[in-house]
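Notes for the structure review
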Amino acid sequence: MLESIPYIDMRLKSAERKGDALELVLEKGKQRIVPADERSVRVLYSHGEFSDDADKPCITELDAFSDWDYEEDGECLYLNLPKLRIVIDKETNSFSYYDEDGSLLLKEREKRSKELKEIPVYSLTEGEAEKEYIETADGRKEVIKDAGKIQTGTAYQTRLHFEFDKDEDLYGLGQHEEGYHSLRGNVIYNNQANRTIAIPFFVSTKGYGVFVNTCSPSIFNDGCEGSYFYTEADSEMDFFFINGGDMNGAVRGFRKISGKAAMLPKWVFGYIQSQERYESQKEILEVADEYRKRGIGLDCIVLDWISWPDGQWGQKTFDENRFPDPDEMTKKLHEENVHFMISIWPNMAESCENLKEFKEKKLLLSHMNSYNALDPEARKLYWKQANEGLFSHGVDAWWCDNSEPICPEWMENVRPENSKNYENYCRSVSNHIPAPYMNAFGLYHAMGIYEGQRETAPDKRVVNLTRSGYPGQQRYGTILWSGDISASWDTMRRQIAAGLNFCASGMPYWTIDIGAFFVHNGVQWYWMGDYDKGAEDPAYCELFVRWYQWGAFLPVFRGHGTDVRRELWNFDRKEAAFYEALVTANRRRYELMPYIYSLAGRVHTDDGLIIKPLVYDFTGDKNVRDIFDQYMFGDAMMVCPVTEAMYFGKNKKDSTTRSVYLPAGCDWYDMYTDEKYEGGRWIEADASLEKIPVFIKAGAVIPMTEAALSTAELKDEYVFHIYPGADGSFTMYEDAGDGYGYEKGEYSLTEYRWDDKKAELSENGKSFLGKSVVHSKR
């Protein structure tokens, strides 16, 4: 008979506290457990030496935490924190994580729960490489067909195995266009792509989160092969376990580790008008002027690609023929309280002076005409060019497009399977970016823009709309958008879920191309809209209205796309009041600005989220776990987008209501009628063309103001709409004095104090005038 060799690699040989870490020596390799605070730990595992945290851009420097101890018996080691206990099996090294009350949060697999496989890491050799050039919607792409490689080091493929409870659900892991609800039972490929944003952090309905500190592509698998998290290439296994107490607490724990979200300027939360593309200075000023003439709110207009001279893709200067005086253009926009955002790209054409400078200094990615954002000197040069050619002319915000910057699926004739695309991504990207950092280009790119602008203009907040995100990127003033999606009702439904799981991953600022980027049905697999007649088709106009209404209740409110002009007046049709519905949604966004900007303040100060799945606030109600066409907008408002046709199209619904579930545990008020409903049941809500169903949680206060043409023109006298709870109480967040900090207060309808002065209630008992609850510093 064959003789087995006992597997003893994970057996614990010794444990010792060294400073604020617990060091474990195993039969093969070693582990370091670092308590991050009273309820979170970091776990590292390697067969060699541990790497330097300076090479790990996702996390911030954590304060030392020493309030913990450990003990051992013959079978287990016990690590005790004030809010977390970890039991480690000495024979198998499998961890079990317990809450402070002794309840089990998560178990690792009983045997071989942590696996490392050493692999070689290669880079391309200098010299010529055989390349193929492919034209895509993202411009001309280089594909390496053949090139020499040299081994530059080693890394580990890592696999962390779990045993989840059958009744728990998981959320997060970034944005995936498939529109997953719970992650349970799915295989999630975490590689960056045009329509995918990989975030290696998930949250459980049991109130914990797991953040894998990797910059490489990864796979989450919860299927027939078991439950595990796999990473492609890392210097060691490195993950955080966060006992949040609840799901929102897990997000706060993630932000403590990866960094606070930067505070965005107030204007970002007004309407942003974009289009593929505005072609001249004259056109931009005309569009902005038309918004003002029509009395429609507008805070920013966007110049998409080809601001540069003809044939100089990626050059960070204006084409003098189409933009003869950019200083005058931005001056006129600013006089009308309209800000200016411009698209910039990491890749540059051979004819660019910008590219020549990068080539001379050898600061490009290997065998690519994209700059090497991983190199600090390259980031400084990129900012220098952006500052001299663009920022100095009055640019207010950046649109960092193509920040993956390699999307192999965009070069295929037929959409590849997710597994095949993951394989192609790892193979293609590792030709240009070191394997352990393949997912992190966008993070470094955002870092360079943020640090450059803050050094140049320290009093101007950074705004960076970008397509690729990663943990830590929230520190750099970024807003993520969902990429080049196609127009259909099915896409819209999936996008709602994609955005909710992205924000469930701890990332606060997300938006979409309202109405989708592609509207027509083109030859490319990704150009697959349902509306070849565009705005001439009332069915598309209806879809656009519903998308716009949804966009008005997202963190950032932005229209963009190709095939069809996106200015609101293009939807002024005789078939229905589309235009009027759009203007109504625009006005409502500005009326709600006191509430919205208060939410933004709490994103920064309290590590909160602006949008989140219902399950984050109503975890105890199992009915909400699979509802991903309703969501919380802050703590007080539940938004219920309309996701099917009711007026036009062959599959239109035969009514103008939508089913809405009201989560249990509180009462709810209809935002339009003030009608009160008991929670824990389904109702039919009015969803006529001019309305998106919205319900207010009992006990909330919603500050509102009069709509205006821009956030700068909003009045600072607000109406506070009170939706009392069962006992007449309500909750309000007040300005703490620093311009964007908030203190929570509990009040009753019998008395309300603001700066120690009583305010009188209005006759209907629902609203009264008061001072501003939030102020914009700049």
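Residue indices begin from 1 for each chain and proceed along its sequence in written order. With the structure being a predicted model, the display of local features is reserved for residues of pLDDT at least 70 and the display and counting of side-chain atom pairs for 80 or more, all residues being used for whole-chain, interface and lining totals. Only hydrogens and water are removed before side-chain values are computed, so all heavy atoms of the structure are retained for them.

Turning next to the overall build of the protein. Helix and strand definitions follow DSSP, with helices as H or I runs of at least four residues and strands as E runs of at least two, each counted in order from the N terminus. Of regular secondary structure, the protein possesses 12 helices and 43 strands. We take the radius of gyration over the C-alpha atoms and set the globule estimate at 2.2 Å times the residue count to the 0.38 power. Its C-alpha atoms give the protein a radius of gyration of 26 Å, near enough to 28 Å, the size a compact globule of 778 residues would have. In terms of overall dimensions, the protein has a C-alpha envelope of 85 × 70 × 50 Å along the principal axes. With a 1.4 Å probe rolled over the protein chains alone, any residue whose accessible area is under 20% of its type maximum counts as buried; one over 50% counts as exposed, and the rest are partly exposed. Across the 778 residues of the protein, 63% fall into the buried class.

Let us look at the packing of helix α5 (residues 376-389) against helix α7 (residues 441-456). When two helices pack together, their arrangement is given by the angle between the helix axes and the distance between those axes. Whenever a helix is involved, its axis is fitted only over the stretch in contact; in every case the axis is a line through C-alpha atoms, and angles between N-to-C directions fall within 0 to 180 degrees. Where α5 contacts α7, the two axes come as close as 9 Å, and the packing angle between them is 55°. As summarised for this structure, α5 and α7 are arranged oblique, according to the angle between their axes. α7 is crossed by α5, and the crossing has right-handed handedness. Contacts between α5 and α7 pair R379, Y382, W383 and N387 from the former with Y444, H445, M447, G448, I449, G452, Q453 and T456 from the latter. Looking at side-chain class alone, the contact of α5 with α7 contains five nonpolar, six polar and one charged residues. The scheme is simple: roughly parallel for angles under 35 degrees, roughly antiparallel for over 145, roughly perpendicular for 65 to 115, oblique for anything else. In this scheme the handedness of a crossing depends on how the near helix is turned from the far one: anticlockwise by less than a right angle means left-handed, clockwise means right-handed. It only takes one pair of heavy atoms within 4.5 Å for two residues to be counted as in contact. Residue polarity follows a fixed list, in which Ala, Val, Leu, Ile, Met, Phe, Trp, Tyr, Cys and Pro are nonpolar, Asp, Glu, Lys and Arg are charged, and the others, Gly among them, are polar.

Here the focus is a negative patch on the surface. Exposure above 30% relative accessible area and no salt bridge define the residues that can form patches, which grow by joining like charges within 9 Å and nonpolar side chains of Val, Leu, Ile, Met, Phe, Trp and Tyr within 5 Å. For the area figures, the Shrake-Rupley method with a 1.4 Å probe applies, and any residue is considered shielded solely by the protein chains shown. The term salt bridge refers to a pairing of a side-chain nitrogen on Lys or Arg with a carboxyl oxygen on Asp or Glu at a separation within 4 Å. Just so you know, the count uses Lys and Arg for positive and Asp and Glu for negative, and it drops His and the chain ends. Here the site of a charge means NZ on Lys, CZ on Arg, CG on Asp, or CD on Glu. A cluster of like negative charges, contributed by D73, E75, D89 and E110, occupies part of the molecular surface. Looking at where E110 falls in the secondary structure, it is placed in the loop between β9 (104-108) and β10 (114-124).

Strand pairing follows a simple DSSP-based rule, namely that at least 2 bridges must link the two strands. As summarised here, the arrangement of the eight strands in space is β1-β2-β3-β4-β20-β17-β16-β14, forming an open sheet in which the pairing is antiparallel. With one partner strand each, in any of the chains shown, β1 (12-18) and β14 (170-175) form the two edges of the open sheet. When the angles between neighbouring strand axes are averaged without regard to direction, this sheet yields 20°. Inspection of the sheet shows strand β17 (residues 208-212) paired to strand β20 (residues 237-243) by five bridges, in the antiparallel sense. Paired with V212 across the bridge in β20 is F239. The strands touched by helix α8 (residues 489-504) are β14 and β16 (197-204); relative to β14, the strand with the most contacts, the crossing angle is about 100°.

What follows is about helix α4 (residues 353-360). Of the positions making up α4, those classed as buried are N354, L355, E357 and F358. All buried residues of α4 project into a common sector of 160° when viewed along the axis, lining one side. Where the residues of α4 are buried, they touch α5. This arc is built from the directions going out from the helix axis to the C-beta atoms.

On to the packing of aromatic side chains. Stacked, edge-to-face and tilted are the three classes for Phe, Tyr and Trp ring pairs, Trp counted by its six-membered ring, which pair at centre distances within 6.5 Å; planes under 30 degrees apart are stacked, over 60 edge-to-face, the rest tilted. Per the stated rule, a full pass over the model turns up 55 aromatic pairs. An angle of 35° between the planes, with centres 4.4 Å apart, marks the rings of F518 and W527 as tilted. Overall, F518 belongs to the buried group, its relative accessible area being 0%. Summarising the aromatic geometry, the rings of F618 and W668 are spaced 5.7 Å apart at their centres and angled 50° between planes, so their arrangement reads as tilted.

When the charged atoms of two side chains lie near each other, side chains of opposite charge can form a pair. Enumeration over the complete set of coordinates arrives at 55 salt bridges. Notably, a salt bridge pairs E23 with R32, separated by 2.8 Å at the nearest N-O pair. According to the relative accessible area criterion, R32 is partly exposed, its value standing at 27%. Close ionic contact of E357 with K384 constitutes a salt bridge, the shortest N to O distance being 3.6 Å. Placement of the pair is E357 in helix α4 and K384 in helix α5, with a sequence separation of 27 residues. One network of salt bridges, in which partners are shared, links R42, D53, K56, E236 and D238.

A score between 0 and 100, pLDDT records how confident the predictor is in each residue. For the protein, per-residue confidence averages 92 on the pLDDT scale, and residues scoring 70 or more make up 93% of the total. Contacts of residues 735-742 to residues separated by more than four positions or lying in other chains number 28 contacts, the stretch itself having pLDDT below 50. Under a pLDDT of 50 for its full length, residues 748-778 has, in the predicted model, 87 contacts with residues more than four places off or in other chains.

On to the packing of helix α9 (residues 538-551) against helix α10 (residues 578-591), then. Orientation of α9 relative to α10, taken along the N-to-C sense of each, is 5°, at an axis distance of 9 Å. Compared by their axis directions, α9 and α10 come out roughly parallel. Across the interface between the two elements, P538, C541, E542, F544, V545, Y548, Q549 and G551 of α9 pack against F578, A581, L582, A585, N586 and R589 of α10. For the contact of α9 with α10, the class distribution of residues is nine nonpolar, three polar and two charged.

The span expected for a helix works out to 1.5 Å for each residue beyond the first. Between its terminal C-alpha atoms helix α1 (residues 247-258) stretches 17 Å, which fits the 16 Å expected from 12 residues at 1.5 Å a residue. Here α1 lies mainly inside the structure; 10 of its 12 residues are buried. Along α1, the positions that sit buried rather than exposed are M247, N248, G249, A250, V251, G253, F254, R255, I257 and S258. Polar contacts, as used here, are pairs of N or O atoms within 3.5 Å; protein pairs need one atom able to donate a hydrogen and one able to accept it. Residues neighboring in sequence count only if both atoms are side-chain atoms. Residue D246 occupies the N-cap position of α1, its side-chain oxygen lying 3.3 Å from the main-chain nitrogen of N248. Looking one or two residues beyond α1, the residue adopting positive phi is G259, at roughly 115°.

Residues grouped as a nonpolar core are buried Ala, Val, Leu, Ile, Met, Phe, Trp, Tyr and Cys residues, joined through side-chain atoms within 4.5 Å. Grouped together as the largest cluster of nonpolar side chains are 198 residues, with contacts concentrated most on W398, F553 and M637. When residues in this core are grouped by element, the largest group, nine residues, is from α9. Formed by 41 residues, the second largest nonpolar core is a distinct cluster that contains L24, L84, I88 and L173.

Turning to the sheet that holds strand β31 (residues 637-639), a few remarks are in order. An order of β29-β30-β31-β36-β33-β34 is seen for the six strands of this open sheet, with the pairing classed as antiparallel. Here the strands that pair on one side only, and so sit at the sheet edges, are β29 (611-613) and β34 (676-678). Each neighbouring strand pair of the sheet contributes to a mean axis angle of 35°, computed without reference to strand direction. In the sheet, strand β30 (residues 631-633) pairs with β31 via three bridges, with the strands oriented antiparallel. Note on β31: the bridge partner recorded for F633 is M637.

What follows concerns the side chain of Q474. Looking at where Q474 falls in the secondary structure, it is placed in the loop between β25 (464-466) and β26 (478-481). A distance of 2.8 Å separates a polar atom in the side chain of Q474 from a polar atom in the side chain of S258. At 3.1 Å, the side chain of Q474 and the backbone nitrogen of G472 are in polar contact. What Q474 contacts, discounting residues up to four positions off in sequence, is R255, S258, G259, K260, A261, A262, M507 and P508.

Bringing the pairing of strand β2 (residues 21-26) into the picture now. Among the six residues in β2, five count as buried, and that is most of the element. Strand direction decides the pairing type here: β1 and β2, joined by six bridges, are antiparallel. Following the sheet pairing, E16 is matched in β2 by E23. Count of turn residues in the β1/β2 antiparallel hairpin: two residues, of which G19 carries a positive phi of about 65°. Where β2 lies against strand β3 (residues 30-37), four bridges are found, and the strand directions are antiparallel. Bridge pairing in β3 places E23 opposite R32. Between β2 and the antiparallel strand that follows it, β3, lie three residues; G29 among them carries a positive phi value of about 95°.

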